[in-house]
Amino acid sequence: MSNKCDLSKEEKVWVICSLLYQAPPGEFYSVFEDLRILVQDDDLMRQEAAQVCAHHNKNNFTLVRIEGTNVLVTRYNDLGGNRFFDPKNKFSFKFDHLSGISNKFQLHRVAWDETELWRTALNSALKAYVDSHFPSGDCCVVWSHQHQG
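Residues numbered from 1 in each chain as written. Predicted model: local features only at pLDDT ≥ 70, side-chain atom pairs only at ≥ 80, totals over all residues. Heavy atoms only, no water.

**Comments concerning helix 4 (residues 114-133)**
Argument step 1. Taking 1.5 Å of rise per residue, the 20 residues of helix 4 would be expected to cover 28 Å, and the 29 Å separating its terminal C-alpha atoms lies within 8% of that figure.
Argument step 2. Three or more residues of helix 4 are buried, namely E116, R119, N123 and V130. Projected down its long axis, helix 4 carries its buried residues within an arc of 55 degrees, all on one side. For helix 4, the exposed residues lying more than 90 degrees away from the buried face are E114, L117, W118 and S132. (Helix = DSSP H or I, 4+ residues; strand = E, 2+ residues; numbered from the N terminus. Expected span 1.5 Å × (residues − 1). Buried < 20%, exposed > 50% of the residue type's maximum accessible area, 1.4 Å probe, protein only. Arc of directions from axis to C-beta.)

**Examining the packing of aromatic side chains**
Argument step 1. Inspection of every chain in the model, using the stated rule, returns seven aromatic pairs.
Argument step 2. In textbook terms, an aromatic cluster arises when at least three aromatic residues are bridged by ring pairs, as seen for F84, F91, F93, F95 and F105. (Phe/Tyr/Trp six-rings, centres within 6.5 Å; stacked < 30°, edge-to-face > 60°.)

**Description of the environment of C53**
Argument step 1. With respect to the helices and strands, C53 occurs in helix 3 (residues 42-59).
Argument step 2. Sequence-wise, C53 and L20 are 33 residues apart; in three dimensions their C-alpha atoms are separated by 7.7 Å.
Argument step 3. Filtering out sequence-adjacent residues up to four positions away, C53 remains in contact with F28, Y29, H97 and L98. (Contact = heavy atoms within 4.5 Å.)

**Structural notes on unusual backbone geometry**
Argument step 1. A positive phi angle, near 55 degrees, is found at Q40, a position not held by glycine.
Argument step 2. Topologically, Q40 is positioned in the loop between helix 2 (28-39) and helix 3.
Argument step 3. In this structure, K104 takes a positive phi of about 50 degrees despite not being glycine.
Argument step 4. With respect to the secondary-structure elements, K104 resides in strand 6 (residues 101-107).

See below:
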């Protein structure tokens with residue numbers, strides 16, 4: 001009797017994606033590595049995991065460290081094409097979800113109008129609250145029109 005289970009490529013993809021979607025926040029890469037060892041098909045893992053990883057990172061507000069600054073990767077600051085906007089420092093960057101590498105930085109002009117003043121004030125108040133109650137937490141306030149420049 002063989003313990004080997006032969007799954008079609010489609011079945012493997014379904015199993016991989018299902019398990020990766022269920023990965024707890026902060027555990028995606030551990031689950032990915034465990035599955036990679038089990039599946040033994042790096043090309044398939046990277047191909048199928050990229051989209052799931054992007055979804056996971058955005059839904060779980062993944063923290064990225066860029067030159068001493070914390071930036072959250074979320075669906076709210078997603079400019080498309082794996083580019084994200086940092087409203088605090090007014091720049092965008094490309095983010096490779098699988099490797100966790102950020103690059104291709106671009107500065108953005110943001111008008112210092114009433115909306116930006118409100119965003120800054122809300123961000124300061126929220127930051128004070130988060131620092132007080134969640135010492136290792138981070139936050140940011142993003143206006144939807146803000147990153148269209």
